[in-house]
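Architecture and fold: a report
These are the residues of each chain, in order.
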Amino acid sequence: MNNISEVLEGVHSVGIGGHVRPDGDCVGSCMALYLYLKKWYPKIHTDIYLEDPKEQFSYLEGFREIRKACTEPVIYDLFITCDVSSRDRIGVAGECFDTAKRTVCIDHHISNFGFAEVNHVVGDASSASEVLYALLDKDKVDQAIATAVYTGIIHDTGVFQYQNTNPETLFVAGELMKKGVPFSRIIDESFYQKTYIQNQVMGRVLAESIMLLDGKCIAGWIRYKDMEFYGVEGKDLDGIVSQLRLTEGVEAAIFFYENEPQCYKVSLRSNGVVDVSKVAVYFGGGGHIRAAGCNMNGSVYDVINNILEQIEKQL
Ligand code: 5GP
Ligand code: MN
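Residues numbered from 1 in each chain as written. Chains lettered and ligands numbered in written order. Predicted model: local features only at pLDDT ≥ 70, side-chain atom pairs only at ≥ 80, totals over all residues. Heavy atoms only, no water.

Moving on, we get to the domain arrangement of the protein. By the assigned domains, the protein splits into domain 1 (4-192) and domain 2 (196-314). Inter-centroid distance (C-alpha atoms) of domain 1 to domain 2 is 26 Å. In this complex, domain 1 contributes 12 residues to the contact, which on the side of domain 2 involves 13 residues. In total, about 1,100 Å² of surface goes out of reach between domain 1 and domain 2, with carbon and sulfur atoms giving 42% of it. (Domains from an automatic or database assignment. Contact = heavy atoms within 4.5 Å. Buried area = accessible area lost by both parts, 1.4 Å probe.)

Below is the structure:
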């Protein structure tokens, strides 16, 4: 695909959906596409589905129009996923994806083998937002659309810090800046800012974390009862694994929280030597070389031991 218009011919209705627990890139790419279609294809009926997106993205235009569930069965002419690496990651809009007449997937995950009819996957792009931007007419990208794309890029690159940042990423960011994106505010409010409680929880996890494999690995976790005590959910815990990764000498960082008794959502981060996507895929998850995740069961020590075994093989 060279331009999104290629898949819009004869289309009267479009559904857009991201992945479960939508992150900044997921929200940014889906919202950018939504705003673009609403503005430039007003005759197409467009809906957007995202599972409970974080309030910190509420500065994005159209944020309140996001549908948080597939309440009635709608058959779309076209369903487009952004930042979704596999069918089982679609989440709230899964039903609409299955019943749509045509499907398109726009993504950047190396673990994405293509689950839609048209799969536009650029594995070396920084973010799904950057992949999407390349498919848009640049003169049609207004400030609101640019703000959504910029949000996605800064979240998946850790504000241009991670290895997935490349000259094209910075070029695109420059073009978006020309559109008047309020970049300082976006970076502060959507990326770095934490609530007082989030900081407390991060502090506690860091304080209780353990170093493993001669200091090459670090693990931190939080149990369900402690999440209840602080009144936090999974989406409040973003950023903890990134902080663990920044520990001197560490090659791989593991963070997990207990979704329900003995069921954990695991986040993995690498500083380059370990391909954590391989580890996550081994346990039924996926992601990127330096950032991946999966779900695991058992005790805290089962999770650590099982993951450690896979990481050790790579060290
Ligand atoms: P996070 O640790 O921030 O939840 O996720 C890091 C990366 O791994 C993201 O790109 C995300 O898409 C991917 N990821 C996290 N959890 C899973 C999972 O359970 N399955 C798959 N396929 N990918 C995941
Ligand atoms: Mn992404």
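Here six strands make up an open sheet; going across it, the order is S6-S7-S8-S9-S11-S10 and the pairing mixed. Taken across any chain shown, the strands that pair with only one partner, and hence form the sheet edges, are strand S6 (210-212) and strand S10 (286-287). Sheet topology places strand S9 (residues 263-270) next to strand S11 (residues 291-297); seven bridges connect them, and they run antiparallel. Residue Val266 lies in a different strand from S11, and its bridge partner there is Cys294. The strands that helix H7 (residues 196-208) touches are S6, strand S7 (217-222) and strand S8 (252-260); relative to S7, the one it contacts most, it runs at about 135 degrees. Packing of helix H11 (residues 300-314) onto the sheet brings it into contact with S6, S7, S8, S9 and S11, and relative to S8 it is tilted by some 145 degrees. (Pairing = 2+ DSSP bridges. Helix = DSSP H or I, 4+ residues; strand = E, 2+ residues; numbered from the N terminus. Axes fitted to C-alpha atoms, helices over the stretch in contact; angles between N-to-C directions.)

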